[in-house]
Amino acid sequence: MNGTAHAVIGSATGYIVANTYQTSPSATLLFVGLGAVSGLMPDLDIDGKLRGKITLSHKMVRLAAMIIGLLMIFYSILEKMAAERWLGVGIGLLIVLVASLIKQRHMLTITGIAVLLGGLSLGELWIILLGIYFIIASLTSHRSYTHSILGVVFFGVIAFHLESSLGIHGVFYTCLAGYISHLIADLKILPFNKRGIKLFLPLTSKEL
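Residues numbered from 1 in each chain as written. Predicted model: local features only at pLDDT ≥ 70, side-chain atom pairs only at ≥ 80, totals over all residues. Heavy atoms only, no water.

A. Just the side chain of T13, in detail. Its location among the elements puts T13 in helix α1 (residues 3-21). Ignoring sequence-local partners within four residues, the contact set of T13 consists of G35, T174, A177, G178 and S181. (Helix = DSSP H or I, 4+ residues; strand = E, 2+ residues; numbered from the N terminus. Contact = heavy atoms within 4.5 Å.)

B. Looking closely at the packing of helix α7 (residues 125-139) against helix α8 (residues 149-166). Running from N to C, α7 and α8 cross one another at 155 degrees; their axes reach a closest spacing of 8 Å. With respect to each other, α7 and α8 are oriented roughly antiparallel. In the crossing of α7 with α8, the sense of the turn from one axis to the other is left-handed. For the pair α7 and α8, contact is made by L125, W126, L129, L130, I132 and Y133 and by F154, F155, V157, I158, H161, L162 and S165, respectively. (Axes fitted to C-alpha atoms, helices over the stretch in contact; angles between N-to-C directions. Parallel < 35°, antiparallel > 145°, perpendicular 65-115°, else oblique. Left-handed = near helix turned anticlockwise from the far one by under 90°.)

C. Representation of the environment of E124. Tracing the backbone shows E124 in the loop between α6 (107-122) and α7. C-alpha separation for the pair E124 and H161, spaced 37 residues apart in sequence, amounts to 8.5 Å. Other than its neighbours up to four places away in sequence, E124 contacts G119 and S165.

D. Inspection of a nonpolar patch on the surface at higher detail. Judged by side-chain polarity, I149, V153, V157, F200, L203 and L208 come together as a nonpolar surface patch covering roughly 530 Å² of accessible area. Structurally, the position occupied by L203 is in the segment after α9 (171-185). A residue is classified by how much of its surface remains accessible, and L203, at 78% relative accessible area, is exposed. (Patch = residues over 30% accessible without salt bridge, like charges linked within 9 Å, V, L, I, M, F, W, Y side chains within 5 Å. Areas by Shrake-Rupley, 256 points an atom, 1.4 Å probe, with all protein chains shown as cover. Salt bridge = Lys/Arg side-chain N within 4 Å of Asp/Glu carboxyl O. Buried < 20%, exposed > 50% of the residue type's maximum accessible area, 1.4 Å probe, protein only.)

E. Quick look at α1. Spanning 19 residues, α1 covers 27 Å between terminal C-alpha atoms, matching the ideal 27 Å at 1.5 Å per step. Considered for burial, the residues of α1 that qualify are H6, A7, G10, S11, T13, G14, V17 and A18. The arc that holds every buried residue of α1, seen down its axis, measures 160 degrees, which confines them to one face. Of the exposed residues in α1, the ones pointing more than 90 degrees away from its buried face are T4, V8, I16, N19 and T20. Considering only its buried residues, α1 is in contact with α2 (25-40) and α9. (Expected span 1.5 Å × (residues − 1). Arc of directions from axis to C-beta.)

F. α6, seen in detail. With 16 residues, α6 should cover 22 Å at 1.5 Å per step; its first-to-last C-alpha distance of 22 Å lies within 8% of that length. Taken residue by residue, α6 has M107, L108, T111, G112, V115 and G119 as its buried positions. Seen end-on, α6 carries its buried residues on one side only, within an arc spanning 135 degrees. Residues L117, L120 and S121 are exposed on α6 and point more than 90 degrees away from its buried face. Where α6 terminates, the next one or two residues include G123, which has phi positive at roughly 70 degrees.

G. Structural view of the packing of aromatic side chains. Evaluation of the coordinates by the stated rule reveals 6 aromatic pairs. Centroid distance Y133 to F154: 6.4 Å. Interplanar angle 25 degrees. Geometry classified as stacked. Of the two residues, Y133 is situated in helix α7 and F154 in helix α8; the sequence distance between them amounts to 21 residues. Since its relative accessible area comes to 26%, F154 is described here as partly exposed. Through successive ring pairs, a cluster of aromatic residues spans Y133, F154, F155 and Y179. (Phe/Tyr/Trp six-rings, centres within 6.5 Å; stacked < 30°, edge-to-face > 60°.)

This is how it looks when you write it as structure tokens:
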């Protein structure tokens, strides 16, 4: 199933939760949006359009990192003394080398680290956990851990703390239902799916 279908189903779950809670029009709009986003989240484990929309261009990040590395080299040569100078040059060269290796597929990991650091600076646990989720999704194969019960539990914890932060009842159920709707739509028992999901990882890798 493609991303548009997952977003539509997630939006529908958000609307159902909003209707259950009889929310205001603005809260209903929020629930529909959260349902759509949650319905797309499991597919962050594949390098596609969804990743591209939430991450920066690797070219911009690579250019910025290279500039930082070069500036560090020049600063170390001009301002530092002896051992400090060579240490600074070495670190600068390392930054330039790492920057040259950055590809678009690395951007979700970098974005996850940035979100994690942002959450730490703001003291928001749900943002910290979201950053960790991004990092995990960037390192796992498609339809594996983000499509498992572990993924549901982890995202549920994020949703719980998001609701606590916003103070709006129903946010947790909206996010959780949207996420679960994605997994149900990807099950192999549905005739339009050639592959299933590994729901019980790491206990078994059998696709359902």
